[in-house]
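Next come the chains, spelled out residue by residue.
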Amino acid sequence: MLVLSVIPAGFTMMNLPSGPAQDRFFDIHRSIGFTILCLAVLRVVVRILNPPPPRPANLPFALWLGAEVIHYALYTLLLVMPVLGWLASNAFGSAVRVYGLFTLPMLVGKDDALADLFGVTHQRLCYLMIMLLVLHIGGGLWHGIIRRDGVLSRMLPHLSRPRA
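Residues numbered from 1 in each chain as written. Predicted model: local features only at pLDDT ≥ 70, side-chain atom pairs only at ≥ 80, totals over all residues. Heavy atoms only, no water.

K.L.:
What is the right way to read the nonpolar core from this model?
P.N.:
As a rule of thumb, soluble globular proteins bury nonpolar side chains together. By size, the foremost hydrophobic cluster in this structure holds 15 residues, and its most contacted members are Val3, Ile7, Ile36, Leu74, Leu78, Met129 and Leu133. When residues of this core are assigned to their parent elements, the largest contribution, five residues, is made by helix α3 (residues 61–92). Setting aside anything within four residues of it in sequence, one finds Met129 in contact with Val3, Ile7, Leu74, Leu77, Leu78 and Met81. (Core = buried A, V, L, I, M, F, W, Y, C linked by side-chain atoms within 4.5 Å. Buried < 20%, exposed > 50% of the residue type's maximum accessible area, 1.4 Å probe, protein only. Helix = DSSP H or I, 4+ residues; strand = E, 2+ residues; numbered from the N terminus. Contact = heavy atoms within 4.5 Å.)

This is the structure in structure tokens:
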């Protein structure tokens, strides 16, 4: 859910005029981004310690492989995008304050060329993230509504109904 909130906040902040409202959106966007980074690192550790179950027998290999590629691409973006945003902010000359509680260390000094490079890369990867999220959510819904093959239940076990 954090990813689904940080994306529109990012688009909103980039379309606001410079000033206090835009600054507030940047602070919110950066704080959520740092939270996503921390949770992604934690999720990767949990995933390493608790590997997923094997591919379901009723799931064709090509579908499973596609899902795995999307899954790992999403993990990669959840780790890379916040760091790029942090670097872009620092290169722009801005510190990253997290919910007004603390300030992250400056990773790079002010550098307009780097700020543009990191910022544009962060923005372009956002479009890739949106595409992968649509595929991921659409795939889950397809499995749950069309195929009814139990794959969605594996993704959301707490929403599964016991079988009679």
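From this point on, the discussion continues.
K.L.:
Sorry if this is basic, but what is going on with unusual backbone geometry here?
P.N.:
Most of the time, phi is negative for any residue but glycine, and the peptide bond is trans. Here the phi dihedral of Tyr99 falls at roughly 50 degrees; this positive angle occurs in a residue that is not glycine. Counting through the fold element by element, Tyr99 comes out in the loop between β1 (97–98) and β2 (102–103). For Tyr99, a relative accessible area of 45% translates into the label partly exposed.

K.L.:
Mind showing me how you'd approach the layout of surface pockets here?
P.N.:
The probe, sized like a water molecule, is rolled over the atoms to show the empty space still left. The space that makes up the second largest pocket amounts to roughly 960 Å³. Along the wall of the second largest pocket there are 38 residues; nearest its centre are Met13, Phe26, His29, Gly85 and His122. Where the lining of the second largest pocket is concerned, the elements lending two or more residues are α1 (2–15), α2 (20–49), α3 and α4 (112–147). Grouping the constituent residues of the lining of the second largest pocket by class yields 24 nonpolar, ten polar and four charged. (1 Å grid on protein atoms, 1.4 Å probe; cavity = no way out; pocket = protein on both sides within 12 Å on 5 of 7 lines; lining within 4 Å. Points joined across faces, edges and corners; volume = space filled by probe spheres on them. Nonpolar A, V, L, I, M, F, W, Y, C, P; charged D, E, K, R; others polar.)

K.L.:
Teacher, can you tell me more about the pattern of salt bridges here?
P.N.:
Side-chain pairs of opposite charge can arise where the charged atoms are in close proximity. A full pass over the atoms with the stated rule returns two salt bridges. Arg30 is the salt-bridge partner of Asp27, the closest N and O atoms lying 3.8 Å from each other. Residue Asp27 and its partner Arg30 are located together in helix α2, separated by three residues, close to a single helical turn. For Arg30, a relative accessible area of 14% translates into the label buried. (Salt bridge = Lys/Arg side-chain N within 4 Å of Asp/Glu carboxyl O.)

K.L.:
Sorry if this is basic, but what is going on with a nonpolar patch on the surface here?
P.N.:
Nonpolar side chains collect at one region of the surface, where Met1, Leu4, Leu63, Ile137, Leu141, Trp142, Ile145 and Ile146 lie side by side and expose about 830 Å² of accessible area between them. Top element by residues in the nonpolar patch is α4. It accounts for five residues. Following the sequence through the fold, Ile137 ends up in helix α4. Among the residues examined, Ile137 registers a relative accessible area of 42% and is labelled partly exposed. (Patch = residues over 30% accessible without salt bridge, like charges linked within 9 Å, V, L, I, M, F, W, Y side chains within 5 Å. Areas by Shrake-Rupley, 256 points an atom, 1.4 Å probe, with all protein chains shown as cover.)

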